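The lines below spell out each chain.
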Amino acid sequence: MISRDKHDRMANAIRFLSMDAVEKAKSGHPGLPMGAADIATVLFTRFLAFDPKKPDWPDRDRFVLSAGHGSMLIYSLLYLLGYEDITIDEIRNFRQLGYKTAGHPEYGHAAGIETTTGPLGQGLANAVGMAIAERKLADEFGTDIVDHHTYVLAGDGCLMEGISQEAISLAGHLKLSKLIVFWDDNGISIDGSLALSDSTDQIARFEASNWNTIAIDGHDPDAIAEAIETARSSDRPTMIACKTTIGFGAPNKAGTAKAHGSPLGADEIAATREALGWDAEPFDIPSDILDCWRIAGLRSTKDRKAWEERLAASDADRRGAFERRISGELPGGFAAAMDAYKQKLATDKPSMATRKASEAALTVINAAIPETIGGSADLTGSNNTKTEQTPAITPDDFSGRYIHYGIREHGMAGAMNGIALHRGLIPYSGGFLIFSDYCRASIRLAALMGIRVIHVLTHDSIGLGEDGPTHQPVEHLASLRAMPNLQIFRPADATETAECWQLALQSADRPSAIALTRQSLPAVREEYIEENMCGYGAYDIAPASDADVTVFASGSEVEIALDAGRRLEAAGRSVRVVSVPSFELFEQQSEEYKRAILGASRVRVAIEAGVRQGWDRFIGQDGIFIGMSTFGASAPCKDLYEHFGITAQAAFEAVQAKLNG
């Protein structure tokens, strides 16, 4: 047990590292680290299971700083506890180019940062995914191998964001009892008192969402510890409402918005040093306090070694499967299973919607890869993301491999990020492409972090028909393609769908989105090719030498491109058709390959039932684009394609007019 005096001095080490780093950077948020220092000190010195010498220990507890603007809290902790990545030089250079101590915590920059946070509420949703992964893996591998908690520090802003309700209602429904959220209840936002904008009873909200709740003084270490003990024995997730003072210790700015998002200033810092009895120079931690923190960093070493011994002594098959899955490596038989499936498709030549083709591919994938975990935002029958291998997870049974996320697209995407970050599972989920707007912030963070999550986005164009323009994506493909490190796939038939799935699963360091049709499509790849042609991003699906015309298309419009090519050939034109399932993978090819694919035809055409943006890369500014420039309309699919001029005849006439002009 740490004495109150020692606790206060250890917490003050966090406070002064934070305020001094923010002051030196002339930028940052000192208030949260100062206000939450007592919570963090109790959690990290008494409860959290972690090992700075083995920061990737799979059975460590997870700590998520959802209120990422308070990043100096986690950086201070990592330095004090002895994590090698965060040195005092990193602290001194907070928010500076080339250092790990970015303005908001970034996954991959330093060990001990479990996820990238900053957009408020995202960390809370990630933590729900981590807790799902923990419980699922514990069910699968046993609690002797997987048995840890997920802790979150969330601020008022996290709880005001809409994603928080999606996340907490899902967690409450699933009874994620090893999820513990500290609400830093300081009553202050950037604009001033929280009363300016919000009067929500957060405790009642969490209780209504099937959470256990505890209200405490967030500056009382014994109350904090007692609350954590109670939470750890709960049969539901727990929210601990910690009443704190933002900027705790600052004589003039504590409890005000002035402590929130800007440096305290030299005079206020000097006054805080005097008020808290801290006479050490900036970035200098008294040796006895640093020793206490470093000893706290060794708390779990014995537990970690005992865990390693249990894993080593376990059944070889279980140990091998666990280690492979945590590493992210796919099982050895996956590639062969996909190749055999492609051979079958070449024989059968099925005509089907690519959403159905995705379901068929998933049947093969889910049999070959036991760590896939599917789901849908209440659109299972439309997204076709559930297969015979994926019974549903329920609050009382986590043996399944499918999550009914409910109508919570944003929370779903955030939870998927957490599942992927935890490691051991590969999350995929279903939604309509139009509703990727609801997921966008989480998808962007997945791309920023470089993690493997797969979004199945069906009903990908006006081809969905009668639901009309509210549900018909027009700008969405271009918008998602603009996002760095996100792979967008739009396959043209069952074979391309299988290849795109394989590429998405093999991409361990980036998220993928697969855009799929509602309407049925014919097989356009009629011959078996062992090589994954979609891996080139764009390839000749109907080659021709010295073609007068090259037609580029993706997805459902490849069929139209091939038909247009036949019409043009009948008119005496030499035509080449290129399928473009992935802009991103095309850009990764050699310059020689890209030049060959772009070609030198007199006329270049692109056909896609979306906006033109991005296609000038293939056709140039003077190329012909057959697609959308307005929102859609409510009508049957065939009528809409005719109405908007996305037809083989329209392409034929446009090419002929240009060649004859």
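Quick notes on the rules
- Residues numbered from 1 in each chain as written.
- Predicted model: local features only at pLDDT ≥ 70, side-chain atom pairs only at ≥ 80, totals over all residues.
- Heavy atoms only, no water.
- Pairing = 2+ DSSP bridges.
- Helix = DSSP H or I, 4+ residues; strand = E, 2+ residues; numbered from the N terminus.
- Axes fitted to C-alpha atoms, helices over the stretch in contact; angles between N-to-C directions.
- 1 Å grid on protein atoms, 1.4 Å probe; cavity = no way out; pocket = protein on both sides within 12 Å on 5 of 7 lines; lining within 4 Å.
- Points joined across faces, edges and corners; volume = space filled by probe spheres on them.
- Nonpolar A, V, L, I, M, F, W, Y, C, P; charged D, E, K, R; others polar.
- Phe/Tyr/Trp six-rings, centres within 6.5 Å; stacked < 30°, edge-to-face > 60°.
- Buried < 20%, exposed > 50% of the residue type's maximum accessible area, 1.4 Å probe, protein only.
- Core = buried A, V, L, I, M, F, W, Y, C linked by side-chain atoms within 4.5 Å.
- Contact = heavy atoms within 4.5 Å.
- Parallel < 35°, antiparallel > 145°, perpendicular 65-115°, else oblique.
- Salt bridge = Lys/Arg side-chain N within 4 Å of Asp/Glu carboxyl O.
- Expected span 1.5 Å × (residues − 1).
- Bend = angle between axes of the 7 residues up to and from the residue.
- Polar contact = N/O pair within 3.5 Å; in protein donor to acceptor, adjacent residues only side chain to side chain.
- Right-handed = clockwise from strand over helix to strand, strands pointing away.

Enquirer: How should I be thinking about the sheet that holds strand β3 (residues 179–185) in this particular structure?
Expert: Across a sheet, paired strands are connected by hydrogen bonds in the backbone, their directions being either parallel or antiparallel. Pairing in this open sheet of 5 strands is parallel, and the strands run β1-β2-β3-β7-β6 from one edge to the other. Edge positions in the sheet fall to β1 (62–65) and β6 (212–217), since each has one partner strand and no second. Taking the axes of each pair of neighbouring strands and ignoring which way they run, one obtains an average angle of 20 degrees across the sheet. Of the strand pairs in this sheet, strand β2 (residues 150–155) and β3 are connected by 6 bridges, and their pairing is parallel. By the bridge assignment for β3, G155 is matched with D184.

Enquirer: Looking at this model, I keep getting lost on the layout of surface pockets. Mind explaining?
Expert: To find leftover empty space, a probe the size of one water molecule is rolled over the atoms. Counted as a void, the largest pocket has a volume near 520 Å³. As for the largest pocket, its lining consists of 31 residues, of which P55, D56, W57, R60 and E114 are closest to the centre. Elements supplying a minimum of two residues to the lining of the largest pocket: β1, α3 (71–81), α12 (301–313) and α17 (409–422). Per element, the largest residue contribution to the lining of the largest pocket is 3 residues, and it comes from α12. Taken together, the residues of the lining of the largest pocket sort by class into 17 nonpolar, 4 polar and 10 charged. The space that makes up the second largest pocket amounts to roughly 340 Å³.

Enquirer: Can you help me understand unusual backbone geometry in this one?
Expert: The phi torsion of most residues other than glycine is negative, and most of the peptide bonds are trans. Even without a glycine there, the phi angle at N384 is positive, about 60 degrees. Residue position: N384 is located in the loop between α16 (380–383) and β10 (402–404).

Enquirer: How do you make sense of the packing of aromatic side chains when you look at a structure like this?
Expert: By convention here, two paired aromatic rings are described through the distance between centres and the angle between planes. Per the counting criterion, the structure on display carries 18 aromatic pairs. With centroids separated by 6.3 Å and ring planes inclined at 10 degrees, the aromatic side chains of F50 and Y83 adopt a geometry described as stacked. Highlighted residues: F50 in the loop between α2 (31–47) and β1 and Y83 in the loop between α3 and α4 (88–92), separated in sequence by 33 residues. Given a relative accessible area of 2%, F50 falls into the buried group. Grouping aromatic residues by their ring pairs yields a cluster made of F552, F583, F586, W615 and F618.

Enquirer: Explanation requested: the nonpolar core in the structure shown.
Expert: Most often, soluble globular proteins have nonpolar side chains that are buried together. Judged by nonpolar contacts, the single largest core of 124 residues is most densely connected at L179, F182 and W293. Sorting elements by how many residues they give to this core places helix α5 (residues 122–141) first, with 11 residues. When residues no more than four places from it in sequence are discounted, the contact partners of F182 are I39, L43, Y151, V152, L153, A154, I228, I240 and C242. Counting 37 residues, the second largest nonpolar core, distinct from the first, contains I462, V549, V577 and Y641.

Enquirer: Would you mind going over the packing of helix α14 (residues 334–348) against helix α20 (residues 494–506) with me for this structure?
Expert: Between two packed helices, the angle of one axis relative to the other and the distance separating the axes together describe the packing. Direction vectors running N to C along α14 and α20 enclose 170 degrees, while the axes themselves pass 9 Å from each other. On the basis of the axis angle, α14 is roughly antiparallel to α20. Contacts between α14 and α20 pair F334, A335, M338, Y341, K342 and L345 from the former with A494, T495, A498, E499, Q502, L505 and Q506 from the latter. For the contact of α14 with α20, a count of residues per class yields 8 nonpolar, 3 polar and 2 charged.

Enquirer: Help me out: how do you make sense of the pattern of salt bridges in this one?
Expert: Opposite charge on two side chains lets them pair, provided their charged atoms get close. In this structure the tally under the stated criterion is 32 salt bridges. The partner of R46 in a salt bridge is D222, and the shortest N-O contact between them spans 4.0 Å. One end of the pair, R46, is in helix α2; the other, D222, is in helix α9 (residues 221–232), with 176 residues separating them in the sequence. Salt-bridge contacts for E608 lead to R490; the nearest nitrogen and oxygen are separated by 3.9 Å. One end of the pair, E608, is in the loop between β19 (603–607) and α24 (616–619); the other, R490, is in the loop between β13 (487–489) and α20, and 118 residues separate them in sequence. Each member of the pair, E608 as well as R490, is classed as buried. By sharing partners, the salt bridges in this structure join D460, R481, R490, E557 and E608 into a single network.

Enquirer: I would appreciate a short explanation of the sheet that holds strand β16 (residues 539–542) in the present structure.
Expert: Strand order in the open sheet made by the 5 strands is β16-β18-β17-β19-β20, with mixed pairing throughout. Because the sheet does not close on itself, it has two edges, and the strands there are β16 and β20 (624–626). Pairwise comparison of adjacent strand axes, ignoring direction, gives a mean angle of 30 degrees for this sheet. By the bridge criterion, 3 bridges tie β19 to β20 in an arrangement that is parallel. In the sheet register, A606 faces β20, and the bridge partner there is F625. On the sheet, helix α21 (residues 557–570) packs against β16, β17 (549–553), β18 (575–579) and β19 and is oriented at approximately 175 degrees with respect to β18.

Enquirer: Is there a simple way to explain α2 in this structure?
Expert: An α-helical turn contains 3.6 residues, so any two residues separated by three or four positions project in the same direction. The first and last C-alpha atoms of α2 sit 24 Å apart over 17 residues, in line with the 24 Å expected at 1.5 Å per residue. The largest bend in α2 amounts to roughly 55 degrees and is located at A37. Of all 17 residues in α2, 16 are buried, a share of seventy percent or more.

Enquirer: Looking at this structure, how should I read the environment of A337?
Expert: Note that A337 resides in helix α14. You can call A337 partly exposed: its relative accessible area is 23%. Each C-alpha atom of the pair A337 and M533 lies 17 Å from the other, and the pair is 196 residues apart in sequence. In contact with A337, not counting residues within four places along its chain, are V364 and A368.

Enquirer: Looking at this structure, I do not really get the pairing of β2. What am I missing?
Expert: For a regular strand, side-chain orientation follows a simple rule: the groups alternate between the two sheet faces. Burial analysis of β2 places 6 of its 6 residues in the buried class, the great majority of the element. Side-chain alternation along β2 places T150, V152 and A154 on one buried face and Y151, L153 and G155 on a second face that is also buried. Pairing of β1 with β2 involves 4 bridges; the strand directions are parallel. Residue pairing for β2: V64 is matched across the bridge by V152.

Enquirer: What exactly am I supposed to notice about helix α15 (residues 354–368) here?
Expert: In this model, α15 (15 residues) spans 21 Å end to end at C-alpha, consistent with the 21 Å of a helix rising 1.5 Å per residue. For α15, the tally of buried residues reaches 11 of 15 residues, placing the bulk of the element in the interior. Of the positions making up α15, those classed as buried are T354, R355, A357, S358, E359, A361, L362, V364, I365, N366 and A368.

Enquirer: Help me out: how do you make sense of the side chain of T244 in this one?
Expert: Counting through the fold element by element, T244 comes out in the loop between β7 (238–243) and α10 (266–276). Judged by its relative accessible area of 6%, T244 is buried. A polar contact is formed between the side chain of T244 and the side chain of D184, at a distance of 2.4 Å. Excluding residues within four positions of it along the chain, T244 makes contact with G35, I39, D184, D185, N186, G218 and H219.

Enquirer: Sorry, what's going on with the pairing of strand β12 (residues 454–458) here?
Expert: The buried fraction of β12 amounts to 5 of the 5 residues, a majority that puts the element mostly inside the structure. Of the two faces of β12, the one holding I454, V456 and T458 and the one holding H455 and L457 are both buried throughout. For strand β11 (residues 426–432) and β12, the ladder comprises 5 bridges, and the chain directions are parallel. When the bridges of β12 are listed, S429 appears paired with H455. The β-α-β motif built from β11, the intervening helix α18 (residues 436–449) and the parallel element β12 has right-handed crossover chirality. Relative to strand β14 (residues 512–515), β12 is paired through 4 bridges, and the arrangement is parallel. Each bridged residue has a counterpart across the sheet, and for I454 the counterpart in β14 is S512.

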